[in-house]
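# Observations on chain architecture
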Amino acid sequence: QFSRVSVGRMGGEAGAAEPTAAWTRVRKFVAGYASGVSLVAVGHPFDTIKVRMQSEGAKGRFNGVWDCLKTTVTKEGVGGLYKGMSTPLLMTGVVNSLLFGMHYNFVSEIAKVRGHDRATLGDTCAAAVGSGAIISLIVTPMEGIKARLQVQYNTQAKGAYKGPVDCAVRVYRNLGVTRGIYRGWLPVCLCRMSNYSYFGSYAVISASLAQIFRGDSADDGKLPFAASFIAGGASGICYWLSCYPIDVVKNKMQAAPDTWPPKYSGMSAAFRHIIRTEGIRGLFVGFTPCALRAFPANAAAFLGFEAAMWMLPE
C-alpha cells in the first residue's frame, strides 16, 4: 500500500513546529546543492555521449555507444567527455538546490492543504510536476548551452564557441531570448514535469528498502545510505523511461545550428523530422549511455542529498 506513502524527513510532516520551520525549509535547499554537484561529477561523461548520439541521430557519424566513446577520446582526448561541464557543475548545484528545496517544501504545503497528516504518494507526484515546470524556466538556457558545446567536435574551427559564456552571449546577440536562449523550452518543461516518476519512485522504493534494511518505514529516521543509493539509482531509471523520447526531441532542437530560420520550427516539427528520417528508432538513439548513466549519477545525487541531510543540524 503506497497510496499514503510518507516522504518523512524529506517532505516533512504537514504540521511542522513553528520554531524550526524556517531552517527545515532552508536545509532542503542546502542538501539539494550537494545533490546537484554529485550528479554532475558522476554523470557528465555519460551525458556527453548521450547528447552526441541524439544530435547525430540513428544514421549519424557514430555506429553505437562504443564507437562514439572511442571516437571522442581518440580525437579529443578524455577531456572531450567533459566538454560543457563547467556550466552544469556550477549551475546544477544551484538548480538541484532549487529543485529539491521547492519539491519537498511543495510536498509539505500540498499535504497541508489536502488535510493529510503526512504526505502521500499523490502529494509527492503533484509537487514534482509543479516544481519541474518552474525549474524548466531556469534550466532551459543552461541545457541549451551545454548541448551546443557538447556537439562542437572541433573547438579550433572558425566560429566555434570558446566556452559557455561566449556561447550564451553570441546566441543571445544573434537569436535573442525566445529564438535562441530559450529554444527547446517546451520539451524541457515536459521532461522536467516528468519528475513525478523521479521523486514518486524514490518515495516508494526508499520506503520499501527501509523496511528491508531496518524493519521500519523511511518516515521515522534517516534512511540508510545503501537504501538511498539503490533507491536513487532506480528512480533515475524510472525517470528516463518516462520521458526519453521527449529528451531526444529537446536535444535535437537545442543542438541544431544557430541559424534563422531554425532547422526545426518547433517541437512537433523536430518530432516529425525524426520519425520521417530515422523512424521510431530515432526517438531512442543514445538510450544505452543514458541508461548506463542513470543509475550511478542519480544514486550519487540522492546519496549526496541524504548525506547532507545527515550532516546538517535539524
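Here, every reference points to the structure presented above.
Quick caveat, the model's predicted, so the values are computed rather than measured.

## Some remarks on the overall build of the chain
Counting secondary structure elements, the chain contains 12 helices and zero strands. Mapped from its N terminus to its C terminus, the chain presents α and β elements in the order α-α-α-α-α-α-α-α-α-α-α-α. Its C-alpha atoms give the chain a radius of gyration of 20 Å, within 12% of the compact-globule value 20 Å for 314 residues. Classification of the 314 residues of the chain by burial places 53% in the buried group. In the chain, 33 positive and 19 negative side-chain charges are present, and the distance between their average locations comes to 12 Å.

## Looking at the environment of Tyr244
Positionally, Tyr244 belongs in helix α10 (residues 225-254). As for Tyr244 and Ala297, which are separated by 53 residues in sequence, their C-alpha atoms are 16 Å apart. Those residues in contact with Tyr244 that sit more than four places away from it in its chain are Lys50, Gln54, Leu283, Phe284, Val285, Gly286, Phe287 and Cys290.

## A short note on the nonpolar core
Formed by 46 residues in total, the largest nonpolar core has its most connected members in Phe100, Tyr104, Phe199, Trp240 and Phe302. The set of elements that each furnish at least two residues to this core consists of α2 (21-56), α4 (86-113), α5 (121-150), α8 (185-193), α9 (195-214), α10, α11 (267-278) and α12 (287-311). A per-element tally of this core places α10 first, with nine residues. Within the second largest apolar cluster, 11 residues are counted, among which are Ile49, Val51, Cys68 and Val151.

## Looking at the packing of α4 against α5
Where α4 meets α5, the axes come as close as 8 Å, and the angle between the chain directions of the two elements is 160°. Here α4 is positioned roughly antiparallel relative to α5, judged by the angle of their axes. Between α4 and α5 lies a crossing whose hand is right-handed. Each residue belonging to the contact of α4 with α5 can be placed in one class, and the counts come to 18 nonpolar, six polar and two charged.

## Some thoughts on α10
Its 30 residues give α10 an end-to-end C-alpha distance of only 36 Å, which falls more than 12% under 44 Å, the value for a rise of 1.5 Å per residue. At Cys243, α10 is bent by approximately 65°, the largest bend along its length, and proline Pro245 sits one to four residues beyond.

## Quick look at α8
Three or more residues of α8 are buried, namely Pro187, Val188, Cys189, Cys191 and Arg192. Those residues of α8 that are buried are in contact with α4, α5, α9, α10 and α11.

## Some words on the pattern of salt bridges
A complete count under the given rule lists 14 salt bridges for this structure. Within the structure, one salt-bridge network assembled from shared partners comprises Asp47, Lys50, Glu143, Lys146, Arg192, Asp247 and Lys250.

Parameters and conventions
Residues numbered from 1 in each chain as written. Predicted model: local features only at pLDDT ≥ 70, side-chain atom pairs only at ≥ 80, totals over all residues. Heavy atoms only, no water. Helix = DSSP H or I, 4+ residues; strand = E, 2+ residues; numbered from the N terminus. Rg over C-alpha atoms; globule rule 2.2 N^0.38 Å. Buried < 20%, exposed > 50% of the residue type's maximum accessible area, 1.4 Å probe, protein only. Lys, Arg positive; Asp, Glu negative; His and termini not counted. Charge placed at Lys NZ, Arg CZ, Asp CG, Glu CD. Contact = heavy atoms within 4.5 Å. Core = buried A, V, L, I, M, F, W, Y, C linked by side-chain atoms within 4.5 Å. Axes fitted to C-alpha atoms, helices over the stretch in contact; angles between N-to-C directions. Parallel < 35°, antiparallel > 145°, perpendicular 65-115°, else oblique. Left-handed = near helix turned anticlockwise from the far one by under 90°. Nonpolar A, V, L, I, M, F, W, Y, C, P; charged D, E, K, R; others polar. Expected span 1.5 Å × (residues − 1). Bend = angle between axes of the 7 residues up to and from the residue. Salt bridge = Lys/Arg side-chain N within 4 Å of Asp/Glu carboxyl O.

So far we have only geometry, and geometry alone does not tell us how the molecule works.
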